[in-house]
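# Chains, contacts and geometry: an overview
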Amino acid sequence: MSYLALYRRFRPQTFDTLVGQDAVVKTLKNQIATGRIGHAYLFSGARGTGKTTAARIFARAINCLSPVDGSPCGKCAACVALAGGNIDVVEMDAASNNKVEEVRDLRENVQYPPVSCRYKVYIIDEVHMLTDAAFNALLKTLEEPPAHAVFLLATT
């Protein structure tokens, strides 16, 4: 049996189990309920407050075929596909992938539509660690993204 850190084992999987972020959860649930999904979101806050966790839940919820009170149901085909990892939700750690080449690869791949989900979601964690050149390369895509792309940026 492999070791799994506690924060990974007990990471919230729905908005109802996300503690301490009531205002953010309410806002994100309302956007899902009304179907008014923006093309980019910025999650900011102190370390350990659930920015990346909220982004992951939101990525699954906007692709869920039948969300339950704004949270992913966990039973539909999209939720099952996203639970095991899927190419429609791309997570990039900008702390270690902060060069222009990585952002250019992302920019080239953003044009392709999602394979099995409604949206292709890019979660960029630690976005403040991107170099100036890398962020400038990403800026045009953030300003004018394709209709199927959603960017979730997390920063301290």
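Residues numbered from 1 in each chain as written. Predicted model: local features only at pLDDT ≥ 70, side-chain atom pairs only at ≥ 80, totals over all residues. Heavy atoms only, no water.

### Digging into the nonpolar core
Basically, it comes down to this: Joining through side-chain atoms within 4.5 Å is the link that ties buried Ala, Val, Leu, Ile, Met, Phe, Trp, Tyr and Cys residues into a set, and such a set is a nonpolar core. Partly exposed residues are those whose accessible area sits between 20% and 50% of the maximum for their type, while under 20% is buried and over 50% is exposed, using a 1.4 Å probe and protein chains only. Secondary structure counts use DSSP, requiring at least four H or I residues in a row for a helix and at least two E residues in a row for a strand, with both numbered from the N terminus.
Of all hydrophobic cores here, the largest spans 20 residues; its most connected members are F15, F43, F58, V121 and L152. Of all the secondary structure elements, the ones that give two or more residues to this core are α2 (22-34), β1 (40-44), α3 (51-63), β3 (120-125) and β4 (149-155). Here this core gets seven residues from one element, more than from any other, and that element is α3. Among the nonpolar cores identified, the runner-up in size contains 17 residues, and A94, V103, L106 and L153 belong to it.

### Notes on unusual backbone geometry
As a rule of thumb, non-glycine residues mostly have phi less than zero, and peptide bonds are mostly trans rather than cis. Unlike most non-glycine residues, D69 shows phi in positive territory, near 55°. Here D69 shows up in the loop between α3 and α4 (77-83). Owing to a relative accessible area of 54%, D69 belongs among the exposed residues under this scheme. Phi at E126 is positive, roughly 60°, even though this residue is not glycine.

### Details of the packing of helix α5 (residues 100-109) against helix α6 (residues 132-143)
Quick reminder of the rule: The angle between two axes is taken between their N-to-C directions and runs from 0 to 180 degrees, where each axis is a line fitted to C-alpha atoms and a helix contributes only its stretch in contact. Angle categories are assigned with fixed cut-offs, so that under 35 degrees is roughly parallel, over 145 is roughly antiparallel, 65 to 115 is roughly perpendicular, and the rest are oblique. Handedness of a helix crossing follows the sense of rotation of the near helix relative to the far helix, less than a right angle counterclockwise being left-handed and clockwise being right-handed. Two residues form a contact once any of their heavy atoms are found within 4.5 Å.
Between α5 and α6, the least distance of the axes is 8 Å, while the angle of their chain directions is 15°. As far as their axial angle goes, α6 and α5 are roughly parallel. Judged by the twist between their axes, the crossing of α5 over α6 is right-handed. The residues of α6 that touch α5, namely those facing V100, V103, L106 and R107, are A133, A134, A137, L138 and T141.

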